[in-house]
Amino acid sequence: MSEFFNADQAPKPVGLYPHARQVGNLLFLSGVGPRQAGSADIPGVKLDENGGIMSYDIEAQCHSVFQNVSTILASAGANWMDLVDVTVFLTNMKDDFAIYNRVYAEYFAENMPCRTTVEVNKLPTPIAIELKCIAALPASSAKEGA
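All of the points below concern the structure found in this document. Predicted model, so just to flag it, every value in this text is computed and none were measured.

Now for the overall build of the protein chain. The number of helices and strands found in the protein chain is two helices and eight strands. Against the globule reference of 15 Å for 146 residues, the protein chain gives a C-alpha radius of gyration of 15 Å, in line with a compact fold. Out of the 146 residues belonging to the protein chain, those deemed buried represent 39%. Between the averaged position of the 10 positive side-chain charges in the protein chain and that of its 16 negative side-chain charges there is a distance of 4 Å.

Glancing now at the environment of E130. Secondary-structure assignment places E130 in strand β8 (residues 129–136). Under the relative-accessibility criterion, E130 is labelled buried at 18%. In this structure, the C-alpha to C-alpha distance between E130 and Q36, residues 94 residues apart in sequence, is 13 Å.

The subject of this paragraph is the nonpolar core. L27, L29, F66, V69, L73, I129 and L131 are the most contacted members of the largest nonpolar core, which totals 31 residues. Those residues in contact with F66 that sit more than four places away from it in its chain are W80, Y100, V103, Y104, Y107, F108 and L131. Core analysis: the next-biggest nonpolar cluster, separate from the first, contains five residues, I42, V45, V120 and L123 among them.

Here we take up the packing of aromatic side chains. One pass over the structure, following the stated rule, counts nine aromatic pairs. Relative to Y107, the ring of F66 lies with its centre 4.6 Å away and its plane at 55°, an arrangement referred to as tilted. Taken together, the residues F66 in helix α1 (residues 58–75) and Y107 in helix α2 (residues 93–107) connect sequence positions 41 residues apart. Exposure remark for Y107: the relative accessible area of 29% places this residue in the partly exposed category. An aromatic cluster of three or more residues is present, and its members are F66, W80, F97, Y100, Y104, Y107 and F108.

Here six strands make up an open sheet; going across it, the order is β1-β2-β3-β8-β6-β7 and the pairing mixed. With one partner strand each, in any of the chains shown, β1 (2–5) and β7 (114–119) form the two edges of the open sheet. Shown here is a sheet whose adjacent strand axes are inclined to one another by a mean of 15°, direction ignored. In this sheet, β7 lies alongside strand β6 (residues 83–90) in parallel orientation, the contact comprising six bridges. Residue L90 lies in a different strand from β7, and its bridge partner there is E119. Of the strands in this sheet, β1, β2 (20–23), β3 (26–29), β6 and β8 touch α1, which is tilted by about 30° from β8. The strands touched by α2 are β6, β7 and β8; relative to β7, the strand with the most contacts, the crossing angle is about 160°.

Time to look at the pairing of β2. On β2, burial follows the alternation: A20 and Q22 on one face are buried, whereas R21 and V23 on the facing-out side are not. With four bridges connecting them, β1 and β2 associate as antiparallel partners. Residue pairing for β2: F5 is matched across the bridge by A20. Pairing geometry for β2 and β3, over four bridges, is antiparallel. Looking across to β3, one finds that A20 is bridged to L29. Taking the residues that link successive antiparallel strands as the turn, the β2-β3 hairpin has two residues, and the phi of G24 there is positive, at about 60°.

Conventions we followed
- Residues numbered from 1 in each chain as written.
- Predicted model: local features only at pLDDT ≥ 70, side-chain atom pairs only at ≥ 80, totals over all residues.
- Heavy atoms only, no water.
- Helix = DSSP H or I, 4+ residues; strand = E, 2+ residues; numbered from the N terminus.
- Rg over C-alpha atoms; globule rule 2.2 N^0.38 Å.
- Buried < 20%, exposed > 50% of the residue type's maximum accessible area, 1.4 Å probe, protein only.
- Lys, Arg positive; Asp, Glu negative; His and termini not counted.
- Charge placed at Lys NZ, Arg CZ, Asp CG, Glu CD.
- Core = buried A, V, L, I, M, F, W, Y, C linked by side-chain atoms within 4.5 Å.
- Contact = heavy atoms within 4.5 Å.
- Phe/Tyr/Trp six-rings, centres within 6.5 Å; stacked < 30°, edge-to-face > 60°.
- Pairing = 2+ DSSP bridges.
- Axes fitted to C-alpha atoms, helices over the stretch in contact; angles between N-to-C directions.

Spelled out as structure tokens, the structure:
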């Protein structure tokens, strides 16, 4: 058995999938980007008339994506400290990794989940970062039969 979670305060998924799905005491988050909830706005991104990225601020996107992850975790009864694995997708490892790594260290100073960072050619929307996360819920938080 499993349970699905969607957070009204997080950006809507861009496809047919939930924000998160709990199986046993594990919570799997779908890919989370930096879009703002309730809009298509992406912090620090300037698009051309065709929707192509003219410029972006990776630091602003990092802060926004971490906030979105936190919001989704909370909707499922979890928190930042429950994260055990984070996969990060960056569209420009050469220019963005150092900034991303610095901001990541601010958010994960106390909780150090396993981490994988992958460079990808493109993400589904005009963003430069996306996170895929897994959290382990404490036994008292894991819903019976989930």
